[in-house]
Amino acid sequence: MKQPKNIDLKSRAAEKMASRREDRLRLENGEKPEVIQRENSIFPPGYFENHRIINFASVIGK
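Residues numbered from 1 in each chain as written. Predicted model: local features only at pLDDT ≥ 70, side-chain atom pairs only at ≥ 80, totals over all residues. Heavy atoms only, no water.

Caption draft 1: Representation of the packing of aromatic side chains in the model. What the rule picks out here adds up to three aromatic pairs. Measuring from ring centre to ring centre gives 5.0 Å for Y47 and F48, while their planes differ by 90°; the resulting arrangement is edge-to-face. Put simply, the rings of F43, Y47 and F48 touch in pairs and so form one group of aromatic residues. (Phe/Tyr/Trp six-rings, centres within 6.5 Å; stacked < 30°, edge-to-face > 60°.)

Caption draft 2: Examining the environment of A18 more closely. Looking at the secondary structure, you find A18 in helix α1 (residues 9–28). Put simply, A18 and I60 are 42 residues apart on the chain and 41 Å apart in space, counted from C-alpha to C-alpha. (Helix = DSSP H or I, 4+ residues; strand = E, 2+ residues; numbered from the N terminus.)

Caption draft 3: Representation of the pattern of salt bridges. Under the counting rule described, the total for this entry stands at four salt bridges. Across the pair R26 and D23 runs a salt bridge whose closest N-O atoms are separated by 3.9 Å. Placement of the pair is R26 and D23 together in helix α1, with a separation of three residues, close to one helical turn. Judged by relative accessible area, D23 falls into the buried class, the value being 14%. Salt bridges sharing partners connect three or more residues here, namely D23, R26, E31 and E39. (Salt bridge = Lys/Arg side-chain N within 4 Å of Asp/Glu carboxyl O. Buried < 20%, exposed > 50% of the residue type's maximum accessible area, 1.4 Å probe, protein only.)

In structure tokens:
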């Protein structure tokens, strides 16, 4: 297994802070939170609505 590259935590934190600042400005300017969430999400639209848990019965104990 390859070792992950070293991540510069300070620059990553700065990127995240800048992104949050941009999102906050967009919200203040009237953009819908759903639009911003959709752009920031790693899951495709409908993922949770259409997702099946194969072993659902065993997970909930039935």
